[in-house]
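# Fold and geometry: a report
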Amino acid sequence: MGKRTNFGFQKRQKDIEKQKKKAAKAEKKKLRADGIELEGDLGERLDALCEAGADIFDRFDNDFRQNDFHAFVAADYPVVLATLVELRAPGRRFLEWGSATGIITIMADLLGFEAYGIEIDGSLVEQARELADRHASRARFTKGSFLPTGYRWKQPGGDERLGTISTGESGYLQLGMPLEEFDVVFGYPWPGEEAMMLDLMRVHGRANATLLIHTPTGMKVYRGGELAA
Ligand SMILES: C[S@@+](CC[C@H](N)C(=O)[O-])C[C@H]1O[C@@H](n2cnc3c(N)ncnc32)[C@H](O)[C@@H]1O
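Residues numbered from 1 in each chain as written. Predicted model: local features only at pLDDT ≥ 70, side-chain atom pairs only at ≥ 80, totals over all residues.

Moving on to the pairing of strand β1 (residues 93-97). Within β1, 4 of the 5 residues are buried, which leaves it mostly tucked inside the rest of the structure. With 5 bridges connecting them, β1 and strand β2 (residues 114-119) associate as parallel partners. When the sheet's bridge partners are listed, Phe94 is paired in β2 with Ala115. Looking at chain direction, β1 and strand β4 (residues 184-187) are connected through 4 bridges and run parallel. Each bridged residue has a counterpart across the sheet, and for Glu96 the counterpart in β4 is Phe186. (Buried ≥ 20, exposed ≤ 12 C-beta atoms within 10 Å, placed from the backbone. Helix = DSSP H or I, 4+ residues; strand = E, 2+ residues; numbered from the N terminus. Pairing = 2+ DSSP bridges.)

Here's what the structure looks like:
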């Protein structure tokens, strides 16, 4: 007698596996806001924003980054959120260097910062503006470079290469505000680019401003060029 195969059972098992995978993905995306006190419906709004951001990046990664290099890699949004919650205060001015789809700048706006993003890729700026509208955010986005006009990066050995950071017309002109007017600045550098961000802040930032550097292992908080506890 030939081997009997229970196709109904196998299909059910597959469906269960699919559901499990879907639930695990949803759980991963869910904002882990444990211990973070957020007023009204802010937690839900931020959850929805982080979820939208993760979906957009997944699509961008599948459709674009599989074929071509692009410097846009999304930060770990819940990790950034936890840091921004600690730093928020009415009227604080926030700037995101390389704001891509705008999730972090919108997050900062929803948390009460006066929030701006500068991004060199015009199509990402468009997406960020649409996303801000959809999430009832007043975050503002400018197409341009976060490098101020005239800024030159030189490593101690004389190397001037900027890695994945593109050059172009400075975004501060359009913003109408120089870097030194921002209280909190956020950057997600590629490996080897953090030193340039620190130098940029030292040369053009305000001495008592906070520089947030996102890394694959978490957030670094700098004040006056020194790593804060
Ligand atoms: C690593 S991604 C970070 C994206 C986003 N900040 C986040 O954390 O999810 C770096 C972004 O910087 C942008 N970028 C590169 N050079 C830039 C420049 N000179 N000025 C503004 N944006 C730049 C890239 O297009 C990309 O979207």
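Okay, back to it.
Quick look at the confidence of the model for the protein now. With 84% of its residues at a pLDDT of at least 70, the protein reaches an overall mean of 88. Within the model, pLDDT remains below 50 along residues 27-34, and this stretch shows 12 contacts once partners closer than five positions in the same chain are excluded. (pLDDT = per-residue confidence, 0-100. Contact = placed C-beta atoms within 7 Å.)

Once that is clear, we can look at the sheet that holds strand β7 (residues 226-227). Spatially, 7 strands are ordered β3-β2-β1-β4-β5-β6-β7 in an open sheet, and the strand pairing comes out mixed. Two strands bound the open sheet, and with one partner strand each, they are β3 (140-143) and β7. By the bridge criterion, 4 bridges tie β4 to strand β5 (residues 210-215) in an arrangement that is parallel. Paired with Gly187 across the two strands is Ile213, which belongs to β5. Together, β1, β2, β3 and β4 form the strand contacts of helix α4 (residues 103-110), whose direction differs from that of β2 by roughly 170 degrees. (Axes fitted to C-alpha atoms, helices over the stretch in contact; angles between N-to-C directions.)

Another aspect to go through is the pairing of β3. Pairing geometry for β2 and β3, over 4 bridges, is parallel. Opposite Ile118, over in β3, you have Thr142 as the bridge partner. The parallel pair β2 and β3, bridged by helix α5 (residues 122-134), forms a crossover whose chirality is right-handed. (Right-handed = clockwise from strand over helix to strand, strands pointing away.)

Between its first and last C-alpha, α5 extends 19 Å over 13 residues, near the 18 Å set by a 1.5 Å rise per residue. Within the sequence span of α5, burial applies to Leu124, Val125, Ala128, Leu131 and Ala132. Mapping the buried residues of α5 onto a view down its axis gives an arc of 125 degrees, with all of them on the same face. In α5, the exposed positions that point more than 90 degrees away from the buried face belong to Gly122, Ser123, Glu130, Asp133 and Arg134. In this structure, the buried residues of α5 make contact with α2 (42-65), α4, β2 and β3. Backbone geometry just after α5 places Ala136 at a positive phi near 50 degrees. (Expected span 1.5 Å × (residues − 1). Arc of directions from axis to C-beta.)

Before going further, it helps to spend a moment on the site of the ligand. Around the ligand, 22 residues are found, and the nearest of them are Phe72, Ala75, Gly98, Ala100 and Tyr188. Residue composition of the shell around the ligand, grouped by class: 14 nonpolar, 5 polar and 3 charged. (Near = placed C-beta within 6 Å. Nonpolar A, V, L, I, M, F, W, Y, C, P; charged D, E, K, R; others polar.)

Viewed as axis vectors pointing N to C, α2 and α4 meet at an angle of 175 degrees, and their least axial separation amounts to 10 Å. Taken together, the axis directions place α2 and α4 in an arrangement best described as roughly antiparallel. Here α2 contributes Leu42, Arg45, Leu46, Leu49 and Gly53 to the contact with α4, which in turn contributes Ile103, Ile106, Met107 and Leu110. (Parallel < 35°, antiparallel > 145°, perpendicular 65-115°, else oblique.)

Among the structural elements, Ile118 can be located in strand β2. Residue classification places Ile118 among the buried positions, given that 25 C-beta atoms sit within 10 Å. Spatially, the C-alpha atoms of Ile118 and Leu175 are 8.8 Å apart, while their sequence positions differ by 57 residues. Look past the residues within four positions of Ile118 in its chain and what remains in contact with it is Trp97, Ser99, Thr142, Gly144, Phe146 and Gly171.

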